[in-house]
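Each chain, written out:
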Amino acid sequence: PLPRPAPPAASPAAKAAARPAPPPPAPPLVQPAPFLKLKVRRQITPLLPKAARDLGIASGRVVVVLQVNPGGTVDHVDLISATPPQVYDEDMQMAFEEWTFEPLGIPGRMTVEVLVGNPAAAPAP
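Every chain is numbered on its own, with residues counted from 1 as its sequence reads. Predicted model: local features are reported for residues with pLDDT of at least 70 only, side-chain atom pairs are reported and counted for 80 or more only, and whole-chain, interface and lining totals are derived from all residues. For the side-chain quantities, the full set of heavy atoms in the structure was used; hydrogens and water were omitted.

Participant: Would you mind showing me how to read the packing of aromatic side chains here?
Facilitator: In this description, a pair of aromatic rings is defined by centroid distance and the angle of the planes. For Phe, Tyr and Trp, rings pair up if their centres lie within 6.5 Å, where Trp contributes its six-membered ring, and each pair is then called stacked (planes under 30 degrees apart), edge-to-face (over 60) or tilted (otherwise). For the structure on display, the rule yields two aromatic pairs. Taking the centre distance of 5.2 Å and the plane angle of 50° together, the rings of Phe-96 and Trp-99 count as tilted. Accessibility classification places Phe-96 together with Trp-99 in one group, the buried group. What links up through ring pairs into an aromatic cluster is the set Phe-96, Trp-99 and Phe-101. Exposure is judged per residue with a 1.4 Å probe applied to protein chains only, and the accessible area is read against the type maximum: over 50% gives exposed, under 20% gives buried, and values in between give partly exposed.

Take a look at the structure:
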């Protein structure tokens, strides 16, 4: 019998194609920043404005986001929503600007929801 010829040598590309693909690299470990909770030092409770009482409004709801500087004082008040709208804007701004927090050394944010006035005294819708 005749000797069998040796199988052809596989090319480097053929060898690479026959090998399973390496797993993708693991994503880098990212350590989340620790959750820093703002601690209120001084809180001014907003009052129902006289203009609202004059309009027969007995209560309302306000949601704001307070931008707090590293020293713990409020730099900016963002009014997110108010019910009824455009009644509390100026009074809420002044009250929330007076809030202070324990200094964190970094800026912070806090969302605050406040019920204003006497919700039990509000007329039924």
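Still more ground to cover, so stick around.
Participant: What exactly am I supposed to notice about the pattern of salt bridges here?
Facilitator: Side chains that differ in sign of charge can pair as their charged atoms come close. We count a salt bridge whenever a side-chain nitrogen from Lys or Arg sits within 4 Å of a carboxyl oxygen from Asp or Glu. A full pass over the atoms with the stated rule returns four salt bridges. Residue Arg-42 pairs with Glu-98 through a salt bridge whose shortest N-O separation is 3.6 Å. Linking Arg-42 in strand β1 (residues 40-42) with Glu-98 in the loop between α3 (89-97) and β4 (100-101), this pair joins segments that are 56 residues apart in sequence. Since its relative accessible area comes to 40%, Arg-42 is described here as partly exposed. The shortest N-O distance in the salt bridge between Lys-50 and Asp-54 comes to 2.9 Å. Here a helix means four or more residues in a row that DSSP labels H or I, a strand means two or more in a row labelled E, and each is numbered from the N terminus.

Participant: When you look at the pairing of strand β2 (residues 59-68) in this model, what are you seeing that I'm missing?
Facilitator: Side chains on a regular strand alternate between the two faces of the sheet. Counting buried residues along β2, eight of its 10 residues qualify, which places the element largely inside the surrounding structure. As defined by bridge partners, β2 adjoins strand β5 (residues 108-117) across 10 bridges and the pair is classed as antiparallel. By the bridge assignment for β5, Val-68 is matched with Gly-108. Strands pair, by our definition, only if DSSP identifies at least two bridges between them. Where β2 and strand β3 (residues 74-83) come together, eight bridges link them in antiparallel fashion.

Participant: So what exactly am I meant to see when it comes to the nonpolar core here?
Facilitator: Soluble globular proteins: nonpolar side chains tend toward being buried together. Throughout, nonpolar core names a set of buried Ala, Val, Leu, Ile, Met, Phe, Trp, Tyr and Cys residues whose side chains join them through atoms within 4.5 Å. Judged by nonpolar contacts, the single largest core of 21 residues is most densely connected at Leu-66, Tyr-88, Phe-96, Phe-101 and Val-112. Within the residue set of this core, elements represented by two or more residues are β2, β3, α3 and β5. Contacts are assigned to residue pairs with any non-hydrogen atoms lying within 4.5 Å of each other. Filtering out sequence-adjacent residues up to four positions away, Phe-101 remains in contact with Leu-38, Lys-39, Val-40, Arg-41, Leu-66, Val-68, Gly-71, Gly-72, Val-74 and Met-110.

Participant: Would you explain the environment of Asp-75 in this entry?
Facilitator: Locating Asp-75 in the fold gives a position in strand β3. Asp-75 sits 32 residues away from Pro-107 along the chain, and the two C-alpha atoms are 9.5 Å apart. In this structure the side chain of Asp-75 is engaged in a polar contact, spanning 3.1 Å, whose partner is the side chain of Asn-69. As used in this structure description, the phrase polar contact means that two N or O atoms lie within 3.5 Å; if the pair is within protein, one of them must be able to donate a hydrogen and the other to accept it, and residues adjacent in sequence are counted only when both atoms belong to side chains.

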